Protein chains: 4
Amino acid sequence: MPKTEQSQRRPAFLGDLFESLTERGRRLLGWREGTGPDAIQAPDLSELGERLLSRRGEASGVVIARALLAAFEDADPAARLAFLQALADGFGPDAKAVKSALGAFQASPDAPEAMEALHSAAEPRRQELLRRLNLAPGGTAALVRMREELLRHLRDHPDLRRVDHDFAHLFASWFNRGFLGLRNIDWNTPASILEKIIRYEAVHAIQNWDDLRNRLQPTDRRCYGFFHPQLVDEPLIFVEVALTRAIPDNVAELLDLSRAPIRADEADTAVFYSISNTQRGLAGVSFGNFLIKQVVEDLKTERPNIRTFVTLSPVPGFATWLAAQRKDEISALISPDQRLAFAALDRPDWYEDAATAEQLRAPLLAAAATYFLRARDKGKRMVDPVARFHLGNGARLERLNHMGDVSANGLRQSHGLMVNYLYDLGQIEANHEGFAERGHVAASDSVKAALPGPRS
Amino acid sequence: MPKTEQSQRRPAFLGDLFESLTERGRRLLGWREGTGPDAIQAPDLSELGERLLSRRGEASGVVIARALLAAFEDADPAARLAFLQALADGFGPDAKAVKSALGAFQASPDAPEAMEALHSAAEPRRQELLRRLNLAPGGTAALVRMREELLRHLRDHPDLRRVDHDFAHLFASWFNRGFLGLRNIDWNTPASILEKIIRYEAVHAIQNWDDLRNRLQPTDRRCYGFFHPQLVDEPLIFVEVALTRAIPDNVAELLDLSRAPIRADEADTAVFYSISNTQRGLAGVSFGNFLIKQVVEDLKTERPNIRTFVTLSPVPGFATWLAAQRKDEISALISPDQRLAFAALDRPDWYEDAATAEQLRAPLLAAAATYFLRARDKGKRMVDPVARFHLGNGARLERLNHMGDVSANGLRQSHGLMVNYLYDLGQIEANHEGFAERGHVAASDSVKAALPGPRS
Amino acid sequence: MPKTEQSQRRPAFLGDLFESLTERGRRLLGWREGTGPDAIQAPDLSELGERLLSRRGEASGVVIARALLAAFEDADPAARLAFLQALADGFGPDAKAVKSALGAFQASPDAPEAMEALHSAAEPRRQELLRRLNLAPGGTAALVRMREELLRHLRDHPDLRRVDHDFAHLFASWFNRGFLGLRNIDWNTPASILEKIIRYEAVHAIQNWDDLRNRLQPTDRRCYGFFHPQLVDEPLIFVEVALTRAIPDNVAELLDLSRAPIRADEADTAVFYSISNTQRGLAGVSFGNFLIKQVVEDLKTERPNIRTFVTLSPVPGFATWLAAQRKDEISALISPDQRLAFAALDRPDWYEDAATAEQLRAPLLAAAATYFLRARDKGKRMVDPVARFHLGNGARLERLNHMGDVSANGLRQSHGLMVNYLYDLGQIEANHEGFAERGHVAASDSVKAALPGPRS
Amino acid sequence: MPKTEQSQRRPAFLGDLFESLTERGRRLLGWREGTGPDAIQAPDLSELGERLLSRRGEASGVVIARALLAAFEDADPAARLAFLQALADGFGPDAKAVKSALGAFQASPDAPEAMEALHSAAEPRRQELLRRLNLAPGGTAALVRMREELLRHLRDHPDLRRVDHDFAHLFASWFNRGFLGLRNIDWNTPASILEKIIRYEAVHAIQNWDDLRNRLQPTDRRCYGFFHPQLVDEPLIFVEVALTRAIPDNVAELLDLSRAPIRADEADTAVFYSISNTQRGLAGVSFGNFLIKQVVEDLKTERPNIRTFVTLSPVPGFATWLAAQRKDEISALISPDQRLAFAALDRPDWYEDAATAEQLRAPLLAAAATYFLRARDKGKRMVDPVARFHLGNGARLERLNHMGDVSANGLRQSHGLMVNYLYDLGQIEANHEGFAERGHVAASDSVKAALPGPRS
């Protein structure tokens, strides 16, 4: 039965549906019609913020929160930046309260109440402001967008970092995995969500709706996403999965529009071949770890025939790293033989010649093993960000795949190399701990065997 | 189509569906089968808590959180209390970190980063612990139950108050109105929710399912509740509403099973005659304020014919207060004439005799006006808790109703008095501010007129 | 989010929402306000029927159908009966068309078109009328109610039987199992449906909501119903199921409010202990057959541990039959020994005395075996209607249970006897065929063994 | 939460999920594995049909129906045609029964029971067969596909027409408007349904997903469809609606991807600019009539600001008709002046030259008025099928739009002419009756005025 628009849209709170929300902000600021500056300015936004934190704000918090968020979105970029700046400068902890709490704490440093009072006093006022802004209908989404804008300014305005710190703190609590729902995304999913999958896919771009259908509809394809109750149409992160027989070693086969699907009960392996975060405003809130493990668990229950869970992953840092090694004539990480062989990589079409490609296999895999197992960046971390993510989750580096992705992008970033990371739930805790505490890289024997031997 | 149990139940994460969860806790503690004490004890719960905060906890937080919560629920009362005590004593702020942050802060008291670091260091570790416990499926509900238990111990264990402070802080963020959904509760609502309405109704007890239906199904009755996405079957608060012609002055008519309903489009008034919180574990997180205003807004949109929004409320503190005045022979709050008249109240059946009841009207209403407008408790607050709630929300005291509730309970707590509070959205902000800042009670002229004149 | 009433209710078609529907009927009949008789009369209903079958009816069928159905429900009983009578008399086949079709058919009896034309001509016009009445919102439900009323008149007005024939024909098509959905009924089902379960339960009355919950909520209880898309809140038939270890032999244990439930995965048997049709207006449309088989199939898939599917059924005709045999002194169906033993049944409290009850076991079971396997009514059918239903579905008579139901009702109708019918999907087709074509009763060896031996 | 496949897919009835359904058909026919012909043949399908109508069919109708439908879909085209033929030849009325019923009828021609018996006997057995096939899960959809295939054979196999007659009879009952639900189709609709909108759109082809979104997502666009509960993912018919200010006179503006939408509350007119049936297998079951009227009613309730309901319709027969008039040198329907003017139409780019286009306006509109108001086909019907549909529904021919559709298709079929039909609910009954009974075309004054005057 058709829903009327009226019932689909949240009714306005305290006012006319069609009144401009900025106008409401102006009214809340006590301006009569026709007075005051033409547009809401940053000082006005700050004033609304103060009001929201005030007594009056308790009685009509929803209204003020709505008005402030709407006015922020209507404001011009300079006014918006100025408001963010005001959050940094004017909505920090209450200095007097801190001073007083500090005195009390120093007087009785062992009284838990004194510590508690100190903690409370030291909380920036903007945390409460953000919580109250969240009262507005659509407030959570508006705050995620506000932080997205904030992040764009961080480089040029490092003092905004403390505002970002509060956003990150609250978002980690609000977007706790316990509040997220895992949902299947398939060909019966509303188009309004599917178009976001096309837009957000970050690993292997989705060309069009046919390409999308090819990743969702066949019997051997799955897609899962985490959703938050307040962002109903927005997957926060999603993972694309292929059900296969055996671990695949290249992505072209997986994405081939003309391949013949297998039945889900014929598969023995689930391959996570693309995982994409969607909300820049949620940067730093980690979902991927939970998503992969939950999907592993669900697929094990749904399809006991599936026993192996792996990724087919890009190696985005490999080509850059290798170029540096080749340039660095005294690099100990590649051997003279390898160095010689890599000259072939400079021919743009090397991968189209089977013999050349085959000659490059051994040296490239040896370099890749070195890249993962020995190479470290200045911070003593693994160089590859994707590797850090999966190994940090407790996965194991399972296989190196020569010519795994010979698309332009694959060649550019990794000379075609792809790898599989294996998720074995029984091992992930130990793997994670070894990696996090000792930097130990869990790797299969075959990966270790690819390491170049000691040079004689 | 029938859902299988399998699909209704969340699959186990990382383990056997039927393994006892306490057993899992034992295993996580490294106990082999048959070793260790028979039951999980408080030290074990603390150890699981430390583990959840540790490195390994990052990799398998969901599993540990599940195990800890399940073990807590399985543990005996003494072990549970001991764990709560451990939260108070062992999971406070990291003392070393506080000391160090304090040193840095004193060195540069104007550096926002130093303040920020101090704030972070002063955060009790149990806040992060509670956030991680929330990772478990059903974690939010388990934490609400845990706090309910905690609250029962507060009187005897005042040191638990600081644990409660952290619960309250997190719950205020997690149960922010922005995360709640308003839902109609009617005769099409699942029985599993309706039985909770019967159980939780706090104002006018619901006798049985027929009584419940009488409050939900007629065309002139509504019920609304706030729900949280993680507590799907649990209304957090609900309000029962009657649509009427004119403001009602007694509750018996509203609840009469045999009355003839009117059509919703014939009503001009919406009466909030019962509002009940349901979750003791959410004490102090305020919902009622938001709920009433939202329902007013929604009803205005749905039924433009409804223009007046009032409560029909009990006056739970009146009889006790009046008894004290009568006892206090020098009370200035009641006059000698009133005092004389109130003797009739001591007859248990006074209200059944029309003449007596009528004689009591004037003195009781005068005393009631005094009770609301002049009487104050030691803290200089209004005596009546229901009045504090509605006036604090910005409502106005609209009318005093003699013989509004002559049930045993109504007679006992207020000699039958009921009152109406009026919600006029255009006035609530001013009313709230006046009340919160100056203790000003917004009252109609008729209430003011009921005040006894100055004694000559 | 609350739905407004507006969106829950179907908008009126072609007119004012609040116009009386009878008034609309009057207008359709061309009456001005204030003219015409005060109430819609049967002739008017017939006139509306003719109009619905006419040209104008094609353009605004929905409007006329609505008006006719509403006017029928508003009319007084005599007018309603008169309309049903008019359906019998005035909306039969078009006599002229039949005559003409018959002539054509006799001219060329082998032309399929002539036969087809004859068939069309012989279709009573009321079939098309009923189809057009179904255009109205709520039309299907209104027609089911109309037939319910019709059935009550059948005894006194046998000519209405031909109207009933057309209802039955259409309903068999409209309520084809292919159009029905099987749904779980559990404690999360809306109260508006559950109250109908209480009302319609026909076998073991449900005392109150606690009794209902005891049949729906425990882990070892299920309830399933068939629903039709047009009768959303009305189960057409439902079956209550207990999951047990072993086949139960009495109903008191199953319904015991204080029993301890078992887990669903511990059960090996599913017991259909109550099956109830709900819509008298759908009499003769068979659902039970399909319902039981579908539930067997679904439970097998959901719970592979359940291997045995039986009923625990009453034997409603047994006591009456036995009384007749006892009265009939030359009955060959009970032996003199049995006859002697049955005297104990005349003591009202026989079942409370263990020794007496035990003495009656053998003779009662022997009589029961005779009742099922040998006794036949005048139409050569089995006497027991429940047995005819289950054996007709292809079940097997599995076990006779002495003292299976010692409630007042159980004692009265069957001296406490209950039986189990077994549904073995591999056998039901053969069992059904044997029963339907040769009257063969599928029975277990134990039932056969209970037959009294040949008298010497 | 993710649904497992298991719960999404109906469990198999009576058997292995993965057994080939054709194999099941073979087994039902009593063939052992490895015996019998390799494939199911037409005689086997007929045998299954007989079995479904038999005694055994009562017990396991669902199984047999499933097997027959699956075997039919697996069979090769010749076998499928042979089965359809068998339906025509072997599943007609039971000749004996007809003869006997006829005898009884002639003996007592006034006995309603005799007529009823005759009607029953004359019902082709295939009607009951089709009803039983509908028992299978997915049976309704399979039968719709079966009829679609049947319709393709009608021209070459006219004897199948009597099978089609039975399909049509049952479908008219099963797809009664009372069983259909109206649903909004918008950008939140599942992609699996939206891709069908793209595929089925019959009037103005939808180029791609962007074009589709442009018809669904803007605030001034709507799309509605009728759905049947058994064909959940299949709209049976859908209509695309534009909300506009004033009645539009050309389609290009409506479909312009770059136009600026208006708000729904700014519109005064709803324009039905495309209506498409989707299921060939439901040919002859009329939905469009009901759909348009229901949408008019719903939009009136949802948006009281919308007062005018019109189509913007193609005129598919106009160019052909006009060519015939031009060829027919003595045609009385066009004047010599018009004939002369029409020569310009032979220039392929006439519409791109403003002056030429303007010169053609008057003669084309005069011809169009003639086409609608005077021209009739051999059957004395209006020539234009779209006109017959809307006028038959009771609409009025409101306006002739020169250059309304200058796409290649629009030029080819109507020299760019489009028309508006107006739906005025107060007039449709009278309009319909006039059209159906007297062939009267309801037309606005402006259309009538466009008729060429009497030639002097």
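- Under the annotation held in an unreviewed UniProt entry, chain A carries the name Malonyl-CoA decarboxylase and is attributed to Tabrizicola soli.

## Focus on the domain arrangement of chain A
Residue and element names in this part refer to chain A.
Here is step 1: According to the domain assignment, chain A contains domain 1 (15-174), domain 2 (178-311) and domain 3 (314-449).
Here is step 2: For domain 2 versus domain 3, the distance between C-alpha centres works out to 25 Å.
Here is step 3: On the domain 3 side, the residues contacting the 18 residues of domain 2 number 17 residues.
Here is step 4: Of the roughly 1500 Å² buried between domain 2 and domain 3 on both sides combined, carbon and sulfur atoms contribute 63%.
Here is step 5: The three residues of domain 2 that bury the most area against domain 3 are D249, K293 and T311, which together make up 34% of that side's buried surface.
Here is step 6: The interface formed by domain 2 and domain 3 holds 0 salt bridges in total.
Here is step 7: If you look at where domain 2 meets domain 3, you find 8 residue pairs in polar contact (both at pLDDT 80 or more).
Here is step 8: If you list the elements that add at least two residues to the side of domain 2 that touches domain 3, you get α15 (288-302) and β5 (308-311).
Here is step 9: When residues in the side of domain 2 that touches domain 3 are grouped by element, the largest group, 7 residues, is from α15.

## Things to note about helix α16 (residues 318-327) of chain A
Residues and elements named next belong to chain A.
Here is step 1: Inspection of α16 places F318, A319, W321, L322 and Q325 among the buried residues, and these make up the whole buried set. Projected down its long axis, α16 shows its buried positions confined to an angular sector of 160 degrees, all on one face. Exposed side chains of α16 directed beyond 90 degrees from the buried face belong to T320 and K327.
Here is step 2: On its buried side, α16 packs onto α17 (336-341), α18 (354-373) and α20 (408-414).

## Here's the deal with the relation of the copies chain A and chain B
Here is step 1: Overlay of chain A on chain B (RMSD 0.1 Å): rotation 180 degrees, translation along the axis 0.1 Å. Read as a symmetry element, the transformation amounts to a two-fold axis. Closest approach to the rotation axis among the C-alpha atoms of chain A is made by H119(A), whose C-alpha sits 2.7 Å away.
Here is step 2: Looking at the interface residues of chain A, 100% of them are also at the interface in chain B, so both copies use one shared face.

## A few points about the pairing of strand β4 (residues 269-277) of chain B
All names here are of chain B.
Here is step 1: Of all 9 residues that make up β4, 7 are buried, and the element is covered over most of its length.
Here is step 2: Pairing geometry for strand β3 (residues 235-244) and β4, over 8 bridges, is antiparallel. Looking at β4, one finds that I237 is bridged to N277.
Here is step 3: In terms of strand pairing, β4 meets strand β5 (residues 308-311) through 4 bridges, oriented parallel. Following the sheet pairing, F272 is matched in β5 by T311.

## Side note on the UniProt feature "domain: Malonyl-CoA decarboxylase C-terminal" (unreviewed entry) in chain A
Here is step 1: UniProt annotation of "domain: Malonyl-CoA decarboxylase C-terminal" (unreviewed entry) refers to residues 178-424 of chain A when read in the numbering used here.
Here is step 2: A helix fraction of 36% and a strand fraction of 19% characterise residues 178-424 of chain A, whose end C-alpha atoms lie 23 Å from each other.

## Comments concerning the packing of aromatic side chains
Here is step 1: One pass over the full model with this rule turns up 46 aromatic pairs over all chains.
Here is step 2: Measuring from centroid to centroid gives 6.0 Å for W350(B) and Y351(B), while their planes differ by 85 degrees, and the two rings are edge-to-face.
Here is step 3: Through a chain of ring-to-ring contacts, three or more aromatic side chains come together here, namely F167(A), F171(A), W174(A), F175(A) and F179(B).
Here is step 4: The ring of F72(B) has R80(B) sitting right over it, with the charged end atom 5.8 Å from the ring centre.
Here is step 5: Taking NZ or CZ as reference, R199(B) lies 5.8 Å from the ring centre of Y200(B), over its face.

About the criteria used
Residues numbered from 1 in each chain as written. Chains lettered and ligands numbered in written order. Predicted model: local features only at pLDDT ≥ 70, side-chain atom pairs only at ≥ 80, totals over all residues. Heavy atoms only, no water. Domains from an automatic or database assignment. Contact = heavy atoms within 4.5 Å. Buried area = accessible area lost by both parts, 1.4 Å probe. Salt bridge = Lys/Arg side-chain N within 4 Å of Asp/Glu carboxyl O. Polar contact = N/O pair within 3.5 Å; in protein donor to acceptor, adjacent residues only side chain to side chain. Helix = DSSP H or I, 4+ residues; strand = E, 2+ residues; numbered from the N terminus. Buried < 20%, exposed > 50% of the residue type's maximum accessible area, 1.4 Å probe, protein only. Arc of directions from axis to C-beta. Least-squares fit on C-alpha atoms with pLDDT ≥ 70 in both. Pairing = 2+ DSSP bridges. UniProt positions renumbered as here; feature names shortened; annotations may be inferred. Phe/Tyr/Trp six-rings, centres within 6.5 Å; stacked < 30°, edge-to-face > 60°. Lys NZ or Arg CZ within 6 Å of the ring centre and 35° of its normal.

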